[in-house]
Amino acid sequence: MREIAATIAQRVAEPDDVVNAMHSFDEKNATHRSRIWTPAGLADGLSGAILLLGALEGLTGDRKYTRALFKHARAAMEVYEQDSSLYGGWAGLAGALLMTNLDGRFADALRVLAARLGDAMLAQTREPFALPHSVNDYDLMLGYAGRAIPIGLHDRRVAGQLCEYLAWLLDDPASRMRVQPPDMSQPLSVYFGAAHGVAGVLGALVILSGTMYRSTIMNALAFLESSVIERADGPTWLHTDTASPFSRNMVAWCHGPIGIAAVVEATCRHIGPDADRYTKLVKRTLESALHGPSKPRVIDGGLCHGRAGIALLIAGLSHVSPGAAAVAGGLGRSLLDSYDPAVRFGYLKAGAGDKPVDGYDFLSGAIGIALALLTLSGQCDAAWVQLLGVPL
């Protein structure tokens, strides 16, 4: 595992390696990055590489990772005109630097990012509920919840505003708990998952406040329970108004029952005995996803909707279901077996039309897979998993 991670890190050791890979992927898949991501972002930019380089620095003590990490941090800080979200911009960079901030070495950079994020969040909160909103404004990947995690980890006041947002969403979920896909390719859809839905907002709130806002947290758990759809093989959540409500990715972190179950279970650990009923829901959800006859296919190895993300989440739930550890181990081995040294970054991911393309990035490609392998094998601190909205 360490050797694979080191090889991937070597191939993203220069900031230009990441930026060029981004542009190459865009050209091959005709994507329009300017609407969402930027070169400094966590999803597929420099911040993901910072996390991997920091993990290997901590594991090996090798200064080459330290030097590469600082190169990426400097390059990312120079990208001024960018999104401020967790997965697209400043917040993702702040999160990556927080996770690799040994001895306060990034304190100055974090102060600069906190000021930028504070300006962005102030603009959003000045009149937070004056206009119609979609959950995109508050979600983990693109919205307030994601921005709140890195700034709120050392400014707990942010959690109070996030609690207000979550309460606002729960007051009228039929109209407010909806998402517009970033590429505007589909109509507004009902959404509950970790990346864009109430589960991710709940996870961020628990990360920042523990049980301080117990009433709102319990309301969110009750809402998720009331939104369950019972199928023959167990519970799940509807995530789209389109003709195929149970899509290929429903097992995934991003908007599937495994991601929701991971957030609910972590929340229950913080809440204690009052949340026992929701722990039973987690157990049924996990067993359905692991063993149900209608298990969806997994389309790649990545964190977002692939084996790496599913393995991480299931490993964290191994105390809930007896078979979970074995499944997580099997997924981890499949990631090792699917590594291909002939592929530039070692792993393929699903591109346009599910066509396999070389995948380097944190969210769906090799960087995220390498971090997952190191974490699953106990060679890497799991704190970075909070950037998936899952409380520790």
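Given the structure is predicted, the values throughout are model-derived calculations rather than measurements.

1. Focus on unusual backbone geometry
Here Asp103, not a glycine, exhibits a phi torsion of approximately 55 degrees, which is positive. Mapped onto the elements, Asp103 comes out in the loop between α5 (90-99) and α6 (107-125).

2. A short note on the nonpolar core
The nonpolar side chains of soluble globular proteins are, as a tendency, buried together. The biggest cluster of nonpolar side chains holds 130 residues, and the ones touching the most others in it are Leu52, Tyr87, Trp253 and Trp384. Ignoring any residue separated from it by four or fewer positions in sequence, one finds Trp384 in contact with Leu51, Met99, Leu303, Leu312, Phe362, Leu371, Ala372 and Thr375.

3. Considerations on helix α4 (residues 63-77)
Note that an α-helix has 3.6 residues per turn; residues three or four places apart therefore point the same way. Given a rise of 1.5 Å per residue, 15 residues ought to cover 21 Å, and the 21 Å separating the end C-alpha atoms of α4 matches this to within 8%. Among all positions in α4, only Tyr65, Thr66, Ala68, Leu69, His72, Ala73, Ala76 and Met77 are buried. All buried residues of α4 project into a common sector of 165 degrees when viewed along the axis, lining one side. For α4, the exposed residues lying more than 90 degrees away from the buried face are Arg63, Arg67 and Arg74.

4. Considering the packing of aromatic side chains
Applying the stated criterion across every chain, the model contains 10 aromatic pairs. For the pair Phe362 and Trp384, a centre-to-centre distance of 6.0 Å together with 75 degrees between the ring planes defines the contact as edge-to-face. In this pair, Phe362 sits in the loop between β6 (356-358) and α16 (366-376) while Trp384 sits in the segment after α16, placing the two residues 22 residues apart along the sequence. According to the relative accessible area criterion, Phe362 is buried, its value standing at 1%.

5. Notes on the pattern of salt bridges
Under the definition given, this model contains nine salt bridges. Salt-bridge contacts for Glu225 lead to Arg277; the nearest nitrogen and oxygen are separated by 2.6 Å. Remark: Arg277 occurs in helix α13 (residues 276-291) and Glu225 occurs in helix α11 (residues 214-226); sequence separation between them is 52 residues. When its relative accessible area of 26% is taken as the criterion, Glu225 is described as partly exposed. For the salt bridge of Glu265 with Arg269, the shortest nitrogen-to-oxygen distance reads 3.1 Å. Of this pair, Glu265 and Arg269 both sit in helix α12 (residues 257-271), four residues apart, roughly one helical turn.

6. Brief notes about the environment of Gly143
Its location among the elements puts Gly143 in the loop between α6 and α7 (144-152). As a C-alpha pair, Gly143 and His196 span 53 residues in sequence and 8.4 Å in three-dimensional space.

7. Brief notes about the confidence of the model for the protein
Note that predicted coordinates carrying low pLDDT should not be read in detail. Taken residue by residue, the protein gives an average pLDDT of 83. The fraction at 70 or more is 82%. Across residues 32-36, where pLDDT falls below 50, the model places 10 contacts with residues more than four positions away in sequence or in other chains. Confidence drops under pLDDT 50 across residues 129-133; counting only partners more than four residues distant or on other chains, this segment forms eight contacts.

8. As for α16
The element α16 is extensively covered by neighbouring structure, given that 10 of its 11 residues are classed as buried. The complete set of buried residues in α16 reads Ala366, Ile367, Gly368, Ile369, Ala370, Leu371, Ala372, Leu373, Leu374 and Thr375. Among the structural elements, α1 (2-11), α3 (46-60), α14 (307-316) and α15 (324-338) are those in contact with the buried residues of α16. Backbone geometry just after α16 places Gly378 at a positive phi near 75 degrees.

9. Thoughts on the packing of helix α8 (residues 157-171) against helix α10 (residues 198-209)
Between α8 and α10, the least distance of the axes is 10 Å, while the angle of their chain directions is 150 degrees. Of the possible angle classes, the one that applies to α8 and α10 is roughly antiparallel. For α8 against α10, the interelement crossing comes out left-handed. From α8, Ala159, Leu162, Cys163, Leu166, Leu169 and Leu170 reach across to α10, where they touch Val198, Val201, Leu202, Ala204, Leu205, Leu208 and Ser209. Taken together, the residues of the contact of α8 with α10 sort by class into 12 nonpolar, one polar and no charged.

10. Focus: the environment of Ser209
Considering the arrangement of structural elements, one finds Ser209 in helix α10. Residues Ser209 and Val158, spaced 51 residues apart in sequence, show a C-alpha to C-alpha distance of 9.4 Å. Ignoring sequence-local partners within four residues, the contact set of Ser209 consists of Arg156 and Ala159.

11. As for the environment of Pro15
Relative to the helices and strands, Pro15 resides in helix α2 (residues 15-29). The spacing of Pro15 and His72 is 57 residues in sequence and 5.4 Å in space, taken between C-alpha atoms.

Reading guide: rules and limits
- Residues numbered from 1 in each chain as written.
- Predicted model: local features only at pLDDT ≥ 70, side-chain atom pairs only at ≥ 80, totals over all residues.
- Heavy atoms only, no water.
- Helix = DSSP H or I, 4+ residues; strand = E, 2+ residues; numbered from the N terminus.
- Core = buried A, V, L, I, M, F, W, Y, C linked by side-chain atoms within 4.5 Å.
- Buried < 20%, exposed > 50% of the residue type's maximum accessible area, 1.4 Å probe, protein only.
- Contact = heavy atoms within 4.5 Å.
- Expected span 1.5 Å × (residues − 1).
- Arc of directions from axis to C-beta.
- Phe/Tyr/Trp six-rings, centres within 6.5 Å; stacked < 30°, edge-to-face > 60°.
- Salt bridge = Lys/Arg side-chain N within 4 Å of Asp/Glu carboxyl O.
- pLDDT = per-residue confidence, 0-100.
- Axes fitted to C-alpha atoms, helices over the stretch in contact; angles between N-to-C directions.
- Parallel < 35°, antiparallel > 145°, perpendicular 65-115°, else oblique.
- Left-handed = near helix turned anticlockwise from the far one by under 90°.
- Nonpolar A, V, L, I, M, F, W, Y, C, P; charged D, E, K, R; others polar.

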